[in-house]
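# A closer look at the structure
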Amino acid sequence: MAICRSKASMIGTKFHADLVMAAKLALVVLLAVTNLTARAAGNALSELDKQCLSCHSAKELAKKLANGETLTLHVPAQEFAQSVHNMIGCAGCHADVTLNDHPPGKTKAAGTREYTLALTEVCRSCHADKFKLYEGSIHAALLRDGNPIAPVCTDCHRPHAVRAKAARESIADVPCRNCHGSIYDAYAESVHGKARSKPGNTSAPICADCHRAHDVSAAAAGDHVKDACLACHQGALASHQTWLPNAARHFEAVSCPACHAPAAKRKVDLRLYDSVAQQRVAEKAGVPQFESRARSADAKGAGLDAMALQSLLREFNRDGIDNRTTLRGRLEVSTGAEAHQLAAAPQAIQDCTKCHRQGADPFQSVTVSIVGPDGRPLRYGAQQEVLNSMISVDSVGGFYAIGGTRIKLLDMLFALALLSGIAVPAGHLTLSWLFRRYAKKIHEQDAATRSTGAEAPK
Ligand code: HEC
Ligand code: HEC
Ligand code: HEC
Ligand code: HEC
Ligand code: HEC
Ligand code: HEC
Ligand code: HEC
Ligand code: HEC
Ligand code: HEC
């Protein structure tokens, strides 16, 4: 029964979608035909468009809006003639403007941004699919939150100058650059940016290939960016396995740029993780708790120490299942720009001791994070000791990074294994078996220590 109903409604939806599509096509064809018959071939303008442009190609034409801002009314005639929208003409987007009562204009927008936000709605009538993707993006979420520079369609596509595949012409023209300048600069110098700027190369990725253009989501949320890397570099897991023990585990616990941006500073992010739902803990909509809980746990304001971290976790576990909220460690680069400084493979970090050594750099800087309301992580600083402390061995249990963490004996085993040159993958199996057994033992020992109430040794 349920199946029948959903099938019927699916057919209904599809039928409706077909109708909308047909109507839309008819509109475009109609606009195109009227526009085409009214003009000569090629990139010429229709008669009506020429009339509009007889006034609007003037550079100085402008209008004052209610808040005092100036709206320039100049439309570049030549660029419009060459744009994909020449075929629909001015009327395709400005149907409300009719020459018998224009000028004056009808807009009631208070300022230029309001004007843009109102007019960009017109794109929806012909590109509903892109609009829908966009509405699920972090950019749209930021816009709904009132962020004044969150982009809408016309921030990435100049409405009077959209050319076919314009966004792909040269990396310097990529619209993302306008707002993410420092990331663009890092990207342009990367192995991908350099390859992509060679004429004719479209195989190396640009922003939208890793982040998508319309349904952009928070970069550190989920695995979508890593999945994009692996979709192009399909042999990567296999090739790393030839030298890196348990490469799959490394791919989870170490971000790709942490090894491939050799100049970057690295750090550890301990992510609050819901072990029942098996996903990262997200801030509940409208009830910000993380910051205030972290701040009250961190009374001294020096960053969370092991006790403070423990009490923060207790807060998150308070009314739920015991130990439901744990932590998952991830080794990553410390800034967004650094994530884009990808270098050629021979420069990547291969030296195990860069990470697996007592006091290794990446483990000296630690944050704790939760997923914020728009998908971006909210981070709070923690002291480096939380990785070594027996108190947090429970919660950081999934993160047995040798050298970086508490388990000194493991470090020795590891060093021994390397010294004695145990071959990979045989060595890898032995090592991980040893680590797992030892870690389990530590864990039990720790549980016993705590149940006797004794101070945990460090
Ligand atoms: C693809 C849709 C589209 C087409 C076709 C189009 N416009 Fe626009 N127009 C817009 C949008 C959207 C805006 C708001 C621009 C913004 O973001 O500021 C706009 C703004 C304007 C403005 C206000 C000044 C400005 O640039 O913001 C004028 C004047 C204008 N258009 C005239 C024209 C004329 C003349 C034509 C034909 C030659 C034309 N438009 C074709 C979508 C279009
Ligand atoms: C005779 C010159 C002239 C012609 C022809 C003309 N415009 Fe305008 N247009 C203006 C002036 C002047 C303004 C500013 C009006 C004001 O201050 O309210 C304006 C404003 C606009 C605006 C700004 C929106 C608003 O509500 O103020 C748009 C969009 C626009 N024109 C589109 C068009 C289109 C499309 C055509 C062709 C169908 C066209 N114009 C033809 C002179 C002209
Ligand atoms: C009346 C219908 C209509 C409206 C309204 C419209 N477009 Fe288009 N748009 C088209 C048509 C037709 C094409 C060309 C179709 C094609 O080649 O696939 C196109 C193509 C595009 C392209 C693709 C260029 C490429 O890569 O080939 C972009 C980007 C685009 N439009 C953006 C916009 C934006 C932004 C707006 C709102 C300011 C808008 N469009 C409003 C009809 C419309
Ligand atoms: C953050 C920047 C950004 C915003 C916002 C944005 N676009 Fe795009 N859009 C792009 C980029 C980049 C491309 C080229 C992507 C590619 O080549 O794969 C693109 C491509 C397109 C295309 C052609 C793609 C195709 O597959 O044919 C259309 C149509 C389009 N955009 C319409 C829109 C509309 C409508 C909106 C508003 C809802 C919008 N875009 C908002 C960046 C943006
Ligand atoms: C090769 C894939 C790739 C390309 C190309 C790429 N990025 Fe990224 N981007 C990433 C990765 C990986 C991250 C870090 C994700 C994480 O933290 O897990 C990131 C993070 C980001 C962030 C979040 C930064 C922060 O402060 O956390 C932004 C914004 C961003 N990228 C924008 C861009 C822009 C704009 C471009 C084009 C100039 C671009 N990216 C090109 C892979 C890419
Ligand atoms: C008009 C300005 C503007 C443009 C153009 C723009 N963005 Fe953004 N974007 C923002 C703002 C503002 C944020 C909020 C975070 C920030 O300030 O970095 C953001 C956030 C992001 C994030 C999430 C950052 C995180 O911390 O995870 C990504 C990814 C991103 N943009 C990618 C892109 C890509 C890809 C493009 C081009 C297709 C693009 N942006 C174009 C303004 C813009
Ligand atoms: C522990 C560090 C480390 C991590 C994590 C890592 N890599 Fe690598 N990667 C390397 C090193 C070192 C090389 C060079 C190996 C060689 O020269 O044999 C390499 C080589 C590569 C190559 C070129 C060779 C090939 O396989 O085609 C690609 C592409 C690559 N890595 C992609 C990735 C991606 C994608 C990720 C994340 C999913 C990733 N790497 C994670 C260290 C790492
Ligand atoms: C759209 C496909 C695509 C995506 C997505 C992509 N790459 Fe690449 N990558 C390439 C291509 C093509 C090259 C070769 C560039 C050249 O010509 O030098 C390359 C080169 C590399 C290299 C250098 C390999 C060498 O042999 O020196 C590394 C490392 C690398 N990519 C890592 C990554 C990482 C990490 C990600 C995700 C954050 C990623 N790539 C996403 C296509 C992609
Ligand atoms: C960029 C830092 C980094 C580099 C370089 C690195 N590792 Fe790791 N490695 C880690 C982290 C982080 C973990 C923790 C994974 C986890 O939580 O289980 C790990 C885990 C391991 C494990 C345990 C895997 C398991 O099965 O649980 C072994 C074994 C290991 N690394 C060996 C190596 C060897 C051998 C090398 C050099 C060829 C190397 N690693 C290079 C960061 C690194």
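These lines cover the structure that appears in this document, whether it is placed above or below.

What counts as what
Residues numbered from 1 in each chain as written. Chains lettered and ligands numbered in written order. Predicted model: local features only at pLDDT ≥ 70, side-chain atom pairs only at ≥ 80, totals over all residues. Heavy atoms only, no water. Helix = DSSP H or I, 4+ residues; strand = E, 2+ residues; numbered from the N terminus. Contact = heavy atoms within 4.5 Å. Areas by Shrake-Rupley, 256 points an atom, 1.4 Å probe, with all protein chains shown as cover. Core = buried A, V, L, I, M, F, W, Y, C linked by side-chain atoms within 4.5 Å. Buried < 20%, exposed > 50% of the residue type's maximum accessible area, 1.4 Å probe, protein only. Salt bridge = Lys/Arg side-chain N within 4 Å of Asp/Glu carboxyl O. Donors = N, O, S within 2.8 Å, 3.2 Å for Na, K, Ca; no water. Near = heavy atom within 4 Å. Polar contact = N/O pair within 3.5 Å; in protein donor to acceptor, adjacent residues only side chain to side chain. Nonpolar A, V, L, I, M, F, W, Y, C, P; charged D, E, K, R; others polar. Expected span 1.5 Å × (residues − 1). Axes fitted to C-alpha atoms, helices over the stretch in contact; angles between N-to-C directions. Parallel < 35°, antiparallel > 145°, perpendicular 65-115°, else oblique. Left-handed = near helix turned anticlockwise from the far one by under 90°. Pairing = 2+ DSSP bridges.

Scanning the protein from N- to C-terminus turns up 19 helices and 7 strands. Sequence separation of at least 24 residues holds for 65% of the intrachain contacts in the protein that already meet a minimum separation of 6. Counting every atom, the protein has about 26,700 Å² of accessible surface; 61% of that belongs to carbon and sulfur.

This part is about the nonpolar core. Membership of the largest hydrophobic core comes to 26 residues, with the highest contact counts inside it found for L270, L272, F290, L304, L309, L312 and V368. Looking at this core, the elements with two or more residues in it are strand 3 (266-274), helix 16 (290-297), helix 17 (306-317), strand 5 (325-333), strand 6 (366-371) and strand 7 (377-382). For L272, the contacting residues outside a window of four places in its chain are R280, V281, F290, F316, T325, T326, L327, V368, S369 and I370. The next biggest cluster of nonpolar side chains, apart from the first, holds 6 residues, and it includes I171, V174, Y187 and A188.

Moving on, we come to the side chain of E338. You can see E338 is positioned in the loop between strand 5 and strand 6. Apart from residues lying up to four places away in sequence, E338 is in contact with A261, A264, K265 and V333.

Our focus in this paragraph is the pattern of salt bridges. Overall, the coordinates contain 20 salt bridges when judged by the stated rule. For the salt bridge of E121 with R124, the shortest nitrogen-to-oxygen distance reads 3.1 Å. A salt bridge links R249 to E252, with the nearest nitrogen and oxygen atoms 3.3 Å apart. Residue R249 and its partner E252 are located together in helix 14 (residues 247-253), separated by 3 residues, close to a single helical turn.

With that settled, the discussion passes to the coordination of the iron atom of ligand 1. Octahedral six-donor coordination of a metal ideally yields angles of 90 or 180 degrees, compared with 109.5 degrees for tetrahedral four-donor coordination. Summarising the metal site, the iron atom of ligand 1 is bound by the protein donors H94 (NE2) and H160 (NE2), whose distances to it range over 2.0 Å. Among the residues examined, H94 registers a relative accessible area of 26% and is labelled partly exposed.

Now for the site of ligand 7. In the neighbourhood of ligand 7, 17 residues make up the surrounding shell, with S239, H240, C256, C259 and H260 lying closest. Between ligand 7 and S239 there is a distance of 2.4 Å, counted from an oxygen atom to a side-chain nitrogen or oxygen. Contact distances for ligand 7 include 2.8 Å between a nitrogen atom and a side-chain N or O atom of H240. Going through the elements one at a time, helix 12 (224-232), helix 13 (236-241) and helix 15 (256-260) are the ones with two or more residues in the shell around ligand 7. A breakdown of the residues in the shell around ligand 7 according to their chemical character gives 11 nonpolar, 5 polar and 1 charged.

A separate point is helix 17. A turn of α-helix holds 3.6 residues, and therefore any two residues three or four places apart point the same way. End to end, helix 17 covers 16 Å across 12 residues, agreeing with the expected 16 Å (1.5 Å per residue, within 8%). Of the residues making up helix 17, those classed as buried are A306, A308, L309, Q310, L312, L313, F316 and N317. Taken together, the buried residues of helix 17 touch strand 3, helix 16, strand 5 and strand 6.

Turning our attention to the site of ligand 5. Taken together, 19 residues are adjacent to ligand 5, and C207, C210, H211, R330 and H340 come closest. Between ligand 5 and H211 there is a distance of 2.8 Å, counted from a nitrogen atom to a side-chain nitrogen or oxygen. A distance of 2.8 Å separates an oxygen atom of ligand 5 from a polar side-chain atom of R330. Of all the elements in the fold, those that place two or more residues in the shell around ligand 5 are helix 9 (181-188) and helix 11 (207-211). Broken down by class, the residue content of the shell around ligand 5 amounts to 13 nonpolar, 5 polar and 1 charged.

This part covers the packing of helix 16 against helix 17. Two quantities define a packed helix pair, namely the angle between the axes and the distance from one axis to the other. It is the contact of helix 16 with helix 17, at a shortest axis distance of 9 Å, that shows an interaxial angle of 140°. One way to sum up the angle between helix 16 and helix 17 is to call them oblique. Taken as a pair, helix 16 and helix 17 cross one another with a handedness that is right-handed. For the pair helix 16 and helix 17, contact is made by F290, R293, A294 and A297 and by A308, S311, L312, E315 and F316, respectively. In the contact of helix 16 with helix 17, the residues fall into 6 nonpolar, 1 polar and 2 charged.

On to the pairing of strand 7, then. Both strand 6 and strand 7 contribute to a ladder of 6 bridges, which runs antiparallel. The residue bridging V368 from the neighbouring strand is Y380, located in strand 7. The antiparallel pairing of strand 6 with strand 7 creates a hairpin that spans 5 residues between the two strands, and G375 there sits at a positive phi of about 95°.

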